[in-house]
Amino acid sequence: MSIILAEYKMMLIFAVIALALALALVSIAVILSTGEVYPEKLSAYECGFNPFGDARQEFDVRFYTTAILFVIFDVEVALLLPLSDFLRIALPCDFISVFGFITLLFIALWYEMYCDTLNWE
Amino acid sequence: MKSVILQIFFVLCLLIATAYLTLAERKILGAVQLRRGPQVVGIFGLLQPLADGLKLLFKEFIFPRNANKFLFFISPVISFFLSLLTWVVLPVAPSIAIGDIKYSTLFLLAVSSLNVYGIVLAGWSSNSKYALLGAVRAAAQMVSYEVSLGLILLFIFIAASSMNLCEIINAQKSVWFIIPFFPLAIMFFIAILAETNRTPFDLPEAEAELVAGYNVEYSALAFALFFLAEYSSMISMSILFSCLFLGGTLPLFGSLPSAMWLAGKTICILFLFILTRATLPRYRYDQLMQIGWQIFLPIVLFALPIFCAFIKLSL
């Protein structure tokens, strides 16, 4: 048990070092900036034009649907992951349920294709 | 205390490796295009990354007028932190990693998918149209290939019956996984190209339309952090590839130290990354999404039950 905890302790130390380094670098950048500002310098970059409107406009809904699809499929991948340990001890009848689950995933994917949700043209 | 110093040394080494990867990229791109690449600063341009870093240090960091200051400040930190965190489970020598935990590959997958946060927050908080578009594209792209990536990893987990990277390497003693899983290895390579936003899938920073994508408003060291994060995740993904498919630290012949073998294999993959950038034109966005969702995912999903049945019957 203590060996496992030691591993996580090392990882935590590494994480703290990485976070401290990242924070330090950005903080140095902020501290070193002169603070000499004028409107053109602070405006959003739009290829030399004066920025018009707000940048937080609506974007294509397909980005959103893709993200939702990702959530569904990633949960299913997460459910499949125990298979790597399970497969060795699984009985043939257990295997049928695994097969059924993957078939279900396949049907879902086929349905998404059928509905043209995945088509970006 | 000793371990802390060693880890700081490790971080420094990997930062230097990352910096020199940018030089290697410029040199190789130069060689492909029949020019010399950087060669003025130092011998053969060897001091170029240091000069670049120093230049960025003396640039000014500005908060754009309409930016969300806190998120704008924190998103390069998140990006850099997460890309360094992937290194924690990578084996550097046989059965030696900083955190040699049981589910190390899973940890790596989780951390690399968290990388989306840094990019989305950077794009959204800088309140610029280019940045927002780049961030949204990057998020959708990384997320799409995440699914196939996870499923391909599942094949390896089943074959090695472990999720620990060191054990996966040891499972390849008789044969490297690239031989039985050759098509999967190619798909994995393409997926990591898309995950790290490299050409031919660098739509998030398609410079002809979006200038620089999500990091367009960033300057100075904050920009450098995004840059370093991108290249360091390139290296860590290459190490992951060589551990999963090329036997990682396993030597092919001779008595070279095994860490050298891992480094050599990783450098080959990185060379392939850069060569891909030099040769292939950029994909269209609909093609990119089509490959991820309509080609990779059905293939992997179809192959998985067949593979499971094969393993089960051969046991």
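I keep staring at the overall build of chain B and nothing clicks. Help me out?
The secondary structure content of chain B amounts to 11 helices and zero strands. Taken from the N to the C terminus, the helices and strands of chain B come in the order α-α-α-α-α-α-α-α-α-α-α. Considered along the principal axes of its C-alpha atoms, chain B spans approximately 65 × 45 × 45 Å. Evaluated residue by residue, chain B yields a buried proportion of 53% over its 315 residues. Within chain B, contacts between residues at least 6 apart in sequence are counted, and of these 76% link residues at least 24 apart.

I keep staring at the interface of chain A and chain B and nothing clicks. Help me out?
Interface size is commonly expressed as the accessible area that is lost once the parts come together. Contacts between the two partners involve 55 residues from chain A, matched on the other side by 61 residues from chain B. Elements with a minimum of two residues in the side of chain A that touches chain B: α1 (2-32), α2 (39-42), α3 (61-80), α4 (83-89) and α5 (92-114) of chain A. With 18 residues, α1 of chain A is the largest single contributor of residues to the side of chain A that touches chain B. For the side of chain A that touches chain B, the residue count by class is 42 nonpolar, five polar and eight charged.

Sorry if this is basic, but what is going on with the packing of helix α1 (residues 2-32) of chain B against helix α9 (residues 220-244) of chain B here?
A pair of packed helices can be characterised by two numbers: the angle between their axes and the separation between those axes. All names here are of chain B. It is at 9 Å that the axes of α1 and α9 come closest, and there the two elements cross at 100 degrees. In terms of axis orientation, α1 runs roughly perpendicular to α9. Note on element contacts: α9 touches α1 through L228, Y231, S232, M234 and I235, opposite L14, L15, A17, T18, L21 and T22.

Looking at this structure, how should I read unusual backbone geometry?
Residue and element names in this part refer to chain B. In this model, N127 sits at a positive phi of 55 degrees, which is unusual for a non-glycine residue. Assessed through the 20 C-beta atoms surrounding it within 10 Å, N127 is described here as buried. Positive phi is not limited to glycine here, since S161 has a value of about 45 degrees. The topology assignment puts S161 in the loop between α5 (129-160) and α6 (165-170).

Could you clarify how one ought to interpret the domain arrangement of chain B in this entry?
Residues and elements named next belong to chain B. Per the domain assignment, the segments making up chain B are domain 1 (1-58) and domain 2 (65-314). Centre-to-centre, using C-alpha coordinates, domain 1 lies 21 Å away from domain 2. At the interface, 15 residues of domain 1 touch 15 residues of domain 2. When contributions to the side of domain 1 that touches domain 2 are tallied by element, the ones reaching two or more residues are α1 and α2 (48-57). The greatest single-element share of the side of domain 1 that touches domain 2, amounting to 12 residues, is contributed by α1. Of the residues that constitute the side of domain 1 that touches domain 2, the class distribution is 10 nonpolar, four polar and one charged.

How each quantity is defined
Residues numbered from 1 in each chain as written. Chains lettered and ligands numbered in written order. Predicted model: local features only at pLDDT ≥ 70, side-chain atom pairs only at ≥ 80, totals over all residues. Helix = DSSP H or I, 4+ residues; strand = E, 2+ residues; numbered from the N terminus. Buried ≥ 20, exposed ≤ 12 C-beta atoms within 10 Å, placed from the backbone. Contact = placed C-beta atoms within 7 Å. Nonpolar A, V, L, I, M, F, W, Y, C, P; charged D, E, K, R; others polar. Axes fitted to C-alpha atoms, helices over the stretch in contact; angles between N-to-C directions. Parallel < 35°, antiparallel > 145°, perpendicular 65-115°, else oblique. Domains from an automatic or database assignment.

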